[in-house]
Each structure stands twice: as structure tokens, then as C-alpha cells.
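What the coordinates show
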Amino acid sequence: MKNPDVISSRKTADAAVTTASGLPEHWPDILKARAHELAQESAAEALTERIEVVTFTLAYETYAIETVHVREVYPLKDLTPLPCTPAFVAGIVNVRGQIVSVIDIKQFFDLPANGLTDLNKVIILSDGDLVFGILADTIVDVRHIPLQTIQPSLPTLTGIREDYLKGVTKERLVILDAAKLLADARIVVHEDVE
Amino acid sequence: MADTNHAFLKRLLATFMTEAQEHLDALFSGVAELEKASDEVTQAKIVETIFREAHSLKGAARSVKLTQIEAACQSLESTFAAMKSKQLPLTATLFVTLHQEIRRLGDQIAALQTEPKPVVARTAMPADTPITAQPEADALPSPSATVVATSRNLPEEKSPQIGTVRVASEKLDAVFLQAEELLSAKLLSEQRLRDLSEIQAQVASRSKSWTNIRTRHPDFYSATASQPQWLEHLEQNTVFLKDLTYQLDAMEKSARQDQRLLGKMVDDLLEGMKHILMLPFSTLMEILPRLVSDLASDSGKEIDLEIHGAELEADRRILEEFKAPLIHLLRNCVDHGIEKPEQRRLRDKPARGNIDITIAPRSGNRVEIKISDDGVGIDIAKLKATAERLGLLDQDTASRLDEHAALALMYQSGISTSPIITEVSGRGLGLAIVREKADKLGGDVRVETRPGAGTTFRIVLPLTLTTYRGIIVRLDDQLFVLPITNVEQSIRVHEDVVQTVENRPTIRLEQATLSMVWLGDLLGVPCRQKAETGLYQVVVLTATGMRIAFVVDEVLGEQEVLVKSLGRQLSRVRNVAAATILGSGKAVPILNVTDLMKSAQLAPAGKARLTTAADTEKTGEESSVLVVEDSITARSLIKGILELAGYRVSTAVDGIDGWTQLRSKKFDLVVSDVDMPRMNGFELTKKIRGDKQQADLPVVLVTALESREDREHGIEVGANAYIVKRSFEQSNLLEVVRRLI
């Protein structure tokens, strides 16, 4: 995901060093040139603000979620289903002595069930107040995405309500808006017997 | 900079608010006490106390530069000073003025919170009271020169008691929670000890059978004797096993000792923490004089509140939990219990009503809070009549109800809005809450009433929160915890005992008929209809005055549990109160028995249950299937589908687990995932095909791998069917399974 300009400028610098190695008297110049290039590199980077995301698969689709809201990724070993909860609540897990509720976002978003999925991971989201996990099949990677490459998504593209989407990248990677998910009152279960 | 300054002032103000509230409450209760005090010694003592309170509040207000409040305190202080020097007679009008003044002061302080204006303001403004404030820090200004002598040398703050420290309650709570977490360490060590004992037993039995080999197979030894190195190996093995047994014994013994020591340390620590968290009842009662005085003046009544035994201590959490119910009860006493002065005069009662709160210790670490008023009492006849009219009971039953049972109607109608209560006396308002809270804390509530003469509520509460114990029950493959305080008994009843009354199954238990409810039905968990023996495992639960027999699959035992919140996302779940973590690390829901009682009443008649129980039995022998899958969700999905179709299903988490189960039990078919840790599906299939006894067992592979190579590999190792997860559907799995069995 590196900026091609940055890579080429590094190559130039590397090339400069290689040619210079035989000519020690030119070292100061070369170093100066290199420092100059590096300075430009960081300036270029500052222009493109990036967000860090975790990409994961769920029911044969790939999604991404910003890491700032991810507390940790936990292997799903022993999920205890909880009775009398809405379908989107998959259950509870024990994360080092703390009870964390786990949500199936496929159910929460009313996405069609697509075959049988291999839910093996829980991505634990937190905004310091609310904590819950979302189910994932596999974790793909952690990557940086320049903000300017993210475009608002068409709801028809994913079936996920626009409210929960941060956007879609050129590669059609759907980025979920964890902050909205965490702030959504609909995700909080509060039901009395009546 | 401005921001930090503002934040600092805000914090300062918050601290002041907390402190001010304490002083205000003390002032209120002090003045109320003074009003009742008859002898001069007591009066002088009380005046001294409230004088100090006003003085401290003034000091606090000055430190945050709240001039207005400072001035108001000054005025109060001066009045108290005058009372102290007996210049001011204690008249009824004086008390009215004092109450008003303190209330106004309270309003001023409360207003600070709503409008967080900068606190530094108007420092030079003169106080809007007749008393002139003097800027000296120590000397106490007074309305007249005569009181100066008596009010010298007052310490600026209350002198702290020797050996006590003031700690923020949040800090204490945090430490307490951590101490409580140690309970899980205790449970874990119990579990480890059990595991170790099991291994010890296995090794011991293996070692024994190995030692016996000599006597059981004499030829074996003679045959090996010809090969000295074999014999040596065997001897070494024998020695090793013996040694291992010995070491394990020693280890188990020390583990047991450690476990006992740790358990005792944790218990002692928790017990000690509980005592740190004890506070006198007075902390709860301080707000009451003001509350009652406010309520009484609002409703045009005159009421004295007397509090006895407020020095008794109880767990802070119990006090906090009980605050709301207590206020509820008092509100009811004032609103509906005590009559207006004119009505009271008509009944030959003193015009001022009286509410008495007496706290007294009871045996077994318990305390009784008695709240009695000398008001109208509860009209039982009217209560019965209303209950009849609402169809809660018929005339015949109503006439047979004794006083106690009739009063129980007040809780039975349950919901606070119930018209039956509001119409009679309004006392039902919140009574259900009082009962629920008492139940939750492991206490009890009782009402006695003398028509026209008053009502007494007796609430018995524990002084410390007892360690939470629960029984663990099983429904299908899910575990649940039922709080032991609600469990009356756990018994097995034969199906012949079950009788249907109005379409609902019931059982007779000790001369009482109890409704029988399938816990699984309430929770939506599939549970065994009936054990083969025709016996039902029943747990009798009590809460909010009801008793219901709940049917479960199995009762696994009783143990200490550490209650853990479900978190904010699951703010309130029907029928589930919290969760706990067992020694095995498994999270288990703790059920909310009060909810279960309500759910049971709302549930449709359970007759269908009994008939289906008979129906499923007819299907007779089900085929048994082993599902091997590492993903828990996929595992439970496949299991669910197969069970619904009538198969008996066991599960395994990977190939090794599956293989172990296959060797210990007979199955008719295996459904296995391919990609699993330890042993994958291909390897498992190969193992099955290579085993003499299992070779013909049908194997269905369900996998995410969809390439042709994988499919071919599956067939190569001998799988009978290959289902790709992406196109997985309930119907195709069932069809394949049906074809193979």
C-alpha cells in the first residue's frame, strides 16, 4: 500500500548511496541529498492522512473496521449463547475474567445468510464506555488506507445501512463505522418481562 | 490556561457540593432533633452540633468564594449562636423559619449544579442578610456583642477522629472488586486440583495394572526374559510409573494444601473487605428528616419522624440498595398513612402524626428495620373487595382469607400502577419494588396493620452481603446458575404425580399444589422432554411470594459464584440477571428469578408440552451423529439442524477429540469439518477408514475448501460426501445424512 512516489524516491536515494560508496569524499553531499529526500517523503506523507483498519472476512465478504475502536482480537473458543436476547446477540465470552457480549453484525444488519460460516474470531470494539465483540470468520490483515481514497458508499452496494458505513475504497473494501456502531442505541439490549 | 483553570474550579465546586450536602443533611436532621428534644442538656448538645455544621459549611463556601452561601450560613450560624446563649427562645415559629432557611440554603447550593457559572464572583458584595460579615478568618461574627464569648476557638473543620482515614468510595470499591476477583482464583485452583486428582487416579490405575501384568501374564515375562534389554525396558517402565505415582501423590497433596490455604486467605480477605464497607444506618437516614419535613409541608400535614438505632452498621451496598425502597415507604407513610391534622383531631389523635423508624439487630447477622406510622392503616375489607372486583379472587376465597393473606394481595398485584392499591390507600405503590429489593438482598418484608391506628412495615435485611452461591442446572448442553437464595428445593418427581389443572401441569408438594414450568420453554432452549425413567428433575424456586416448580434436565451442583455484569451493551436481558465464570473458564448466565416468575405467569399453558413429550418417545431409536467442527457457531448450527431432524448428536472440537469419542461410543455417522487444529478432517477420515471397527462408518466432510483437488483428496481418503460451506443449506445436509444412514 505504499505510495509509488515514495518508493521511487527511496530507490534514487539507495542508488545514490551505492554509487557513492566508492567515493568517500562525497559522503557529506550524499547524506545531505538523502536527508533532503527523506524530508520530502515525510512532507508527502503528511498530505495524505491515513486511517488504520483491520480487515476481516465474514460470510465470504471482506470488511474493514478502524483500529482506533478495536480493543483486541480474541479467538472465539467458547461462546455461551444467551437466552431471551435479540437474534443479533450471539452470546457472551470470557475475556480474561471479563464478560464480553458478542454480536453477529450480519444479523444486526439483516444481511442474507450466506452459506455456513467459520466464525473463529471476535473483534472486540470499545469506546471506553461500551464494550462488545463482533464475530468474524478470519482476520485478513491490518493496513493503512489514505482517507482521500475512501468514497462514500452506495447502500445498494453492500446491503448495509448507510449509517454504519464509513465508506468504500477503490478496491471495493467496505469500511464499517465502528464509532457509529458503538454509539447506536439500537445495539443496546434493554428488555423487561411484560 | 483558561480551560485548566475552569476545570480546576469545576472540580473544586464538585468537592464543595459533596461536602455541602453532608452539612445540609446534618443541619436538617439536627434541627428536626432539636425540635423534639425536651431537656436542656440535649438541646444544648444539639445546638452545639448544628452550630458547628453551619460554621463548617460557611468555611467551605468561603474557600470556593461563594459569597452568597457564605452569608446565608453566617446568618444561620448567628441564629444558632443566639440559641446557644439562650437569647433566642425555641419557639415553633423559629423552627418553621429555620426549616425554611435551611431549605433555601439547600436550593441555593443545588442551583450551583444546574448553572455552572464561574464561582469567582462578587467577592466584594455585601451579604444580603441582616448580619454583617467580618473578614477575619477565625473570630466568629455575631448578631450582637453578647454571644462573642461563647463562640471562641472553634476549630475550622471537624477534628478528625484518631486512627480514621477518609478514602474516596470509588477507590474502596475498586479495591473491593479486585479482592472479589480473587474468588475466581480460588475457583480456578479448585478446578486445577480436580484435574490433577483425575490424572493421579488415571496414572495410579495404569501403574497398578502394569504391576499386575506379571501375575496375569506369566508367559509374558518368561518370554521377554530371553531378551535382557527388553526386560530392562520393562523394569524401567515399572520403576518410572511407580515414581510418577509417588510424585503425583506428593504434588496432589501439596496442591490440596495450597488450595486450602488460598481459599482461606481469599475468604478472610473478602470478609475483612466487607467490614471495611460497613457504614452506620445513619448515613442512610440523614436525608430522611428533610424528606419527611418537605413532604409533610407539601401535603399540609404535621409529622414527627423518630429514628432509633441508626448507629448500627451494615454493608454500604445494602444501604445503597435499600435507599430507594425506604424512601418509597416513607413517602407512602406521609402521603397515604398519616391523616391531615383536622382528620386526626376528629379521631382523637394528636394533630401531629408520628413516623417511627427503629433499627434493631436480629440473630444470624441480620437487622430489622421497623417503619411504623400512627395513620389510618390499611382497610382489609376494602382491599379484598377491590381484589374481587378486579377478578383477582372470587368472593368465596376472599371471605376465607385471613389478614396476613389479604395483605399479601398488596404485593401480588405486583405492578405499582395497579388500581387496586391506589384506590385503597396507595400503599401498593412501590411495594413490589420494596419486596423485590428485599428478596434480592436475601431479606424479607412484612406488613401489620391496625385499621385506624396505623401500619407497621418490618423489613429484615442481612448486614453483609453473603457470598453469592448458586446451583448449576443444565438444559440440553447449556448451563445456567440459579441463585441459592431463591432455591427452595431440588427434587425428582415421577410423571404420574403430574396433574393438569386448567391446562397447566402441576405437582403436589408438601400439601401445596405448585405449577410446573419447563425452564427451557421460558428461555427458548431445547430441553429433554423427559428422562427415560419417567422422572422429572424439578427445582422449586421462590421469589416475590410465589413458588413455582421449574423442570430442568439436570442439577449439577451448588457452588460459590462471582457475579459479573453482562456489560452495558446488554443493559437488561429478560430472565438473565448477570453471568459468572466457572472454574473451567466457561461463562454461564445467572438467571433472574423474579423475571422467571413473571415469565412463567405470562407463558401460555404448558399442556402441549406433556403431549409432545409422549410423541417424541414414539420415534424410538434415533440414529446418533458425531459432529466434528472447530468453529463453535458452525458446530452448534449443524448440531441444531440435525437435532431438529431427530438425530441424537454429540460434538467434538477437532479431529483428536472426534477420534477419542468414536472409540468410546458407537455412532451411525460422522459430519466433520476439514480445516481443524491438531487433526484435520482428511486425517480423521483416513483414521476411521484404517480402523477395523470403524471402517464402514459414513463420513460427511463439510468444508470451506472448494477446489477440485480438495474434493478429490476428500474422496481419496474415503469420505462418503463432501459439502462445500459456501453452498451449505439445511436441506442438502439432511438429504445427504438421510441417504447415508
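The written sequence of each chain sets the order in which its residues are numbered from 1. Here the convention is simple: chains get letters from A, ligands get numbers from 1, in the order in which they are written. Two thresholds apply to this predicted model, a pLDDT of at least 70 for residue-level local features and 80 or more for giving and counting side-chain atom pairs, whereas whole-chain, interface and lining totals are computed over all residues. The basis for every side-chain value is the complete set of non-hydrogen atoms in the structure, without hydrogens or water.

1. A few points about the pairing of strand β22 (residues 699-703) of chain B
Residue and element names in this part refer to chain B. Burial classes follow relative accessibility: with a 1.4 Å probe on protein chains only, a residue under 20% of its type's maximum area counts as buried, one over 50% as exposed, and anything between as partly exposed. Secondary structure follows DSSP: runs of H or I at least 4 residues long count as helices, runs of E at least 2 residues long count as strands, and numbering of each begins at the N terminus. Extensive coverage of β22 is indicated by the burial of five of its five residues. The two faces of β22 match: V699, L701 and T703 on one face and V700 and V702 on the other face are all buried. Where strand β21 (residues 669-673) and β22 come together, four bridges link them in parallel fashion. By the bridge assignment for β22, D673 is matched with V702. Place the viewer so that the strands point away; then a crossover is right-handed whenever the path from the first strand over the helix to the second strand goes clockwise. Each parallel crossover has a hand, and for β21 linked through helix α22 (residues 681-690) to β22 it is right-handed. Pairs of strands are assigned from DSSP output, requiring at least two bridges between the strands. Pairing between β22 and strand β23 (residues 721-724): four bridges, direction parallel. Its bridge partner being in β23, T703 is matched across the sheet by V724. For the crossover from β22 across helix α23 (residues 708-717) to β23, the handedness is right-handed.

2. Description of the packing of aromatic side chains
The aromatic pairing rule takes the rings of Phe, Tyr and Trp, using the six-membered ring of Trp, and pairs them if the centres are within 6.5 Å, calling planes under 30 degrees apart stacked, those over 60 edge-to-face and the rest tilted. Summed over the entire model, instances satisfying the criterion amount to six aromatic pairs over all chains. Ring centres of F88(A) and F108(A) lie 4.9 Å apart, and the angle between their planes is 70°; on these two criteria the pair is classed as edge-to-face. Of the two residues, F88(A) sits in the loop between β3 (70-75) and β4 (89-95) while F108(A) sits in helix α3 (residues 105-108), which places them 20 residues apart along the sequence. Its relative accessible area of 11% is what places F88(A) among the buried residues. Ring geometry for W518(B) versus Y536(B): centroids 5.6 Å apart, planes at 90°, classification edge-to-face. Here W518(B), found in strand β13 (residues 512-518), pairs with Y536(B), found in strand β14 (residues 535-543); they are 18 residues apart in sequence, far enough to count as distant. We note that W518(B), like Y536(B), is buried. What links up through ring pairs into an aromatic cluster is the set F88(A), F108(A), F109(A) and Y164(A).

3. Examining the packing of helix α5 (residues 169-216) of chain B against helix α6 (residues 218-225) of chain B
Residues and elements named next belong to chain B. Lines fitted to C-alpha atoms define the axes here, with helix axes fitted over just the stretch in contact, and angles between the N-to-C directions of these axes take values from 0 to 180 degrees. The geometry of α5 relative to α6 is characterised by a closest axis approach of 5 Å and an angle of 85° between their N-to-C directions. Here α5 is positioned roughly perpendicular relative to α6, judged by the angle of their axes. Across from I213, R214, T215 and R216 in α5, the residues of α6 making contact are P218, F220 and Y221. Under the scheme applied, nonpolar residues are Ala, Val, Leu, Ile, Met, Phe, Trp, Tyr, Cys and Pro; charged residues are Asp, Glu, Lys and Arg; polar residues are all the others, including Gly. Across the contact of α5 with α6, the residue classes tally to four nonpolar, one polar and two charged. Angles below 35 degrees are treated as roughly parallel, those above 145 as roughly antiparallel, those between 65 and 115 as roughly perpendicular, and all remaining angles as oblique. For this analysis, residues touch if any pair of their heavy atoms sits within 4.5 Å.

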